[in-house]
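Take a look at the letters that make up each chain.
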Amino acid sequence: MKRTYACPHCNAVLNPNVKIVLRARLKKRTGLFLFSPKPGNYDVFVPQGFGLEKGHRVEFACPVCGADLTSSKGKNWAEILFSSSSGARGSVIFSKIYGSHATCFITEEKVRWYGEDARECTNFWGAGPDRDQ
Ligand SMILES: [Zn+2]
């Protein structure tokens with residue numbers, strides 16, 4: 001299934017090719033991070049020398065309009081839009097903490113969780129994870 005990810009502010013497609021491209025900022029450093037569009041795959045390409053360590057909170061922004069992608073669900077979360085070839089659409093919320101593996105897909109019908117750290121975000125909605133695997 002093909003998923004398309006978009007900026008919630010300017011609607012620019014964030015995965016024009018294969019990887020999702022986001023602008024990242026850690027302290028005074030900025031760069032482009034590449035993410036897998038496959039839920040549950042946390043391989044991320046980080047620019048060499050970025051100095052990223054587990055537990056760092058990275059601020060993400062749209063590479064097109066520069067808008068902050070912080071989720072209304074909390075400052076440790078970023079949020080982008082998705083739509084899939086099967087017709088599902090909604091938002092994806094993922095942890096901004098490097099090394100924390102939690103991603104939530106929210107559509108009108110359901111919340112779907114990915115990643116072994118997904119339980120961390122259960123309290124935002126007061127419901128347990130509806131795991132896909
Ligand atoms: Zn944008």
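To be clear, the structure that these remarks concern was listed above.
It should be emphasised that the depicted structure is a prediction, and the values quoted were computed from it without experimental measurement.

A. Local environment of the coordination of the zinc ion. Protein coordination at the zinc ion comes from Cys7 (SG), Cys10 (SG), Cys62 (SG) and Cys65 (SG), with a distance range of 2.3 Å. Angles of 101 to 114° at the metal separate the 4 donor atoms of the zinc ion, which places the site in the tetrahedral class. Look at Cys10 and you get partly exposed, because its relative accessible area is 33%.

B. Seen up close, the pairing of strand E3 (residues 29-35). Here 7 bridges tie strand E2 (residues 20-26) to E3, and the two strands are oriented antiparallel to one another. When the sheet's bridge partners are listed, Arg25 is paired in E3 with Thr30. Counting the residues in the hairpin turn of E2 and E3 gives 2 residues, including Lys27, whose phi is positive at 55°. Of the pairings in the sheet, the one linking E3 to strand E4 (residues 44-45) comprises 2 bridges and is antiparallel in character.

C. Fine view of the side chain of Lys96. Along the chain, the position of Lys96 falls in the loop between strand E7 (89-95) and strand E8 (103-107). Excluding residues within four positions of it along the chain, Lys96 makes contact with His56, Arg57, Val58, Glu59, Phe60, Thr70, Lys75, Asn76, Trp77 and Ala78.

D. Summary view of the pattern of salt bridges. Considering all chains together, one arrives at 2 salt bridges under this definition. Among the ionic pairs, Glu59 bridges to Arg57, the shortest N-O distance being 2.9 Å. Judged by relative accessible area, Glu59 falls into the buried class, the value being 17%. Close ionic contact of Glu59 with Lys96 constitutes a salt bridge, the shortest N to O distance being 2.7 Å.

E. Fine view of the nonpolar core. One finds Tyr5, Leu14, Leu22, Phe33, Phe60, Leu69 and Ile80 to be the most contacted residues of the largest nonpolar core, which totals 22 residues. Going through the elements one at a time, E2, E3, strand E6 (77-84) and E7 are the ones with two or more residues in this core. In terms of residue count, E2 provides more of this core than any other element does, 4 residues in total. In contact with Leu69, other than residues within four places in its own chain, are Cys7, Pro8, His9, Leu22, Phe60, Ala61, Cys62, Trp77, Ala78, Glu79 and Ile80.

Cut-offs used in this document
- Residues numbered from 1 in each chain as written.
- Predicted model: local features only at pLDDT ≥ 70, side-chain atom pairs only at ≥ 80, totals over all residues.
- Heavy atoms only, no water.
- Donors = N, O, S within 2.8 Å, 3.2 Å for Na, K, Ca; no water.
- Tetrahedral: all angles 85-135°; square planar, octahedral: opposite > 155°, others 65-115°.
- Buried < 20%, exposed > 50% of the residue type's maximum accessible area, 1.4 Å probe, protein only.
- Pairing = 2+ DSSP bridges.
- Helix = DSSP H or I, 4+ residues; strand = E, 2+ residues; numbered from the N terminus.
- Contact = heavy atoms within 4.5 Å.
- Salt bridge = Lys/Arg side-chain N within 4 Å of Asp/Glu carboxyl O.
- Core = buried A, V, L, I, M, F, W, Y, C linked by side-chain atoms within 4.5 Å.

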